[in-house]
Amino acid sequence: AYNGVPYWEREMLGAERLYITGSSGNLACSTQGLFVVTGSKCHRLDLLTGETRATYELPDSPGGKTRGWSYVAVEGDTLIGSASSGYNFSGTVFAYDLGTGQIKWRYDGLVIRDSTLAIQGGKVFFAEHRGQTHVPVVLDIKAWSARNAALKKRAVESKKDDDEEEGHDAPVVAEVTPEVKPAP
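Cut-offs and rules
Residues numbered from 1 in each chain as written. Predicted model: local features only at pLDDT ≥ 70, side-chain atom pairs only at ≥ 80, totals over all residues. Heavy atoms only, no water. Helix = DSSP H or I, 4+ residues; strand = E, 2+ residues; numbered from the N terminus. Buried < 20%, exposed > 50% of the residue type's maximum accessible area, 1.4 Å probe, protein only. Contact = heavy atoms within 4.5 Å. Areas by Shrake-Rupley, 256 points an atom, 1.4 Å probe, with all protein chains shown as cover. Patch = residues over 30% accessible without salt bridge, like charges linked within 9 Å, V, L, I, M, F, W, Y side chains within 5 Å. Salt bridge = Lys/Arg side-chain N within 4 Å of Asp/Glu carboxyl O. pLDDT = per-residue confidence, 0-100. Pairing = 2+ DSSP bridges. Axes fitted to C-alpha atoms, helices over the stretch in contact; angles between N-to-C directions.

Participant: I'd like a description of the overall build of the protein chain, backed by residues and values.
Facilitator: Across its full length, the protein chain holds 1 helix and 11 strands. For the protein chain, the α and β elements follow one another from N to C terminus as β-β-β-β-β-β-β-β-β-β-β-α. Relative to its full complement of 184 residues, the protein chain shows a buried share of 28%. Pairs at least 24 apart in sequence give 39% of the contacts found in the protein chain among residues at least 6 apart. Accessible surface computed for the protein chain: about 12,300 Å², of which carbon and sulfur atoms make up 54%.

Structural data, given as structure tokens:
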């Protein structure tokens with residue numbers, strides 16, 4: 001049981017976040033350690049001693065610009081981060097393998113909102129602005145299923161009425177699918 005006695009205390013220059021309500025945090029904790037972002041680096045600290053066990057560098061930027069480490073999270077044996085492209089946005093999302101210290105993967109995007117980054121079941125999710133001029137279409141599967149069922153029922157009833165007049169037995173059923181247009 002925790003008794004309130006601190007194990008260690010350590011000052012780390014550059015570990016502050018000034019606009020915490022709009023930016024992502026700079027700390028992540030797991031059984032692998034405490035991860036602290038300072039500038040363009042992420043330090044893995046020992047949970048019991050506070051000593052630095054590893055330091056992870058921000059991957060090179062596509063344009064060679066100096067960037068800061070923005071988002072930080074740990075999922076299992078993977079450290080996930082993002083490289084800032086400006087005020088609360090990132091241009092790159094990447095992952096380090098904590099066992100090898102090597103980059104597992106990276107995604108170079110356009111404008112990724114830091115506050116939308118989330119991890120679930122080993123997958124990383126985020127919202128990226130790609131220059132859309134309108135809100136993307138979001139399909140409501142239940143609504144489309146109900147609409148399709150109603151249209152099928154009407155088509156069957158209508159065809160049945162037509163068939164009875166013409167003496168045909170087999171109904172024809174139409175499948176209705178949503179029209180999805182790609183963003184310009």
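Participant: Tell me about a nonpolar patch on the surface, and please be specific about residues and values.
Facilitator: Residues Tyr-7, Leu-47 and Leu-48 make up a contiguous nonpolar surface patch of about 360 Å² in total accessible area. Structurally, the position occupied by Leu-48 is in the loop between strand 3 (41-45) and strand 4 (52-57).

Participant: Tell me about the confidence of the model for the protein chain, and name the residues and values.
Facilitator: For residues with low pLDDT, the predicted coordinates do not support detailed interpretation. The predicted model of the protein chain has a mean per-residue pLDDT of 78, with 73% of residues at 70 or higher. Low pLDDT, under 50, characterises residues 135-139; the stretch is placed with 3 contacts to residues that sit more than four places away or in other chains.

Participant: With reference to specific residues and values, describe the sheet that holds strand 11 (residues 128-129).
Facilitator: Taken together, 5 strands build an open sheet; the order of strands is 5-6-7-8-11 and the sheet is antiparallel. Each edge of the sheet is formed by a strand with only one pairing partner; in this case those strands are strand 5 (69-75) and strand 11. Pairing of strand 6 (residues 78-86) with strand 7 (residues 89-97) involves 8 bridges; the strand directions are antiparallel. Directly across from Thr-78, in strand 7, lies its bridge partner Asp-97.

Participant: Run through the sheet that holds strand 3, naming residues and quoting values.
Facilitator: Taken together, 4 strands build an open sheet; the order of strands is 1-2-3-4 and the sheet is antiparallel. Edge positions in the open sheet fall to strand 1 (27-30) and strand 4, since each of these has one partner strand only. Strand-to-strand twist across the sheet, computed as the mean angle between neighbouring axes with direction ignored, equals 20°. Across 5 bridges, the pairing between strand 2 (residues 33-38) and strand 3 is antiparallel. In the sheet register, Leu-34 faces strand 3, and the bridge partner there is Leu-45.

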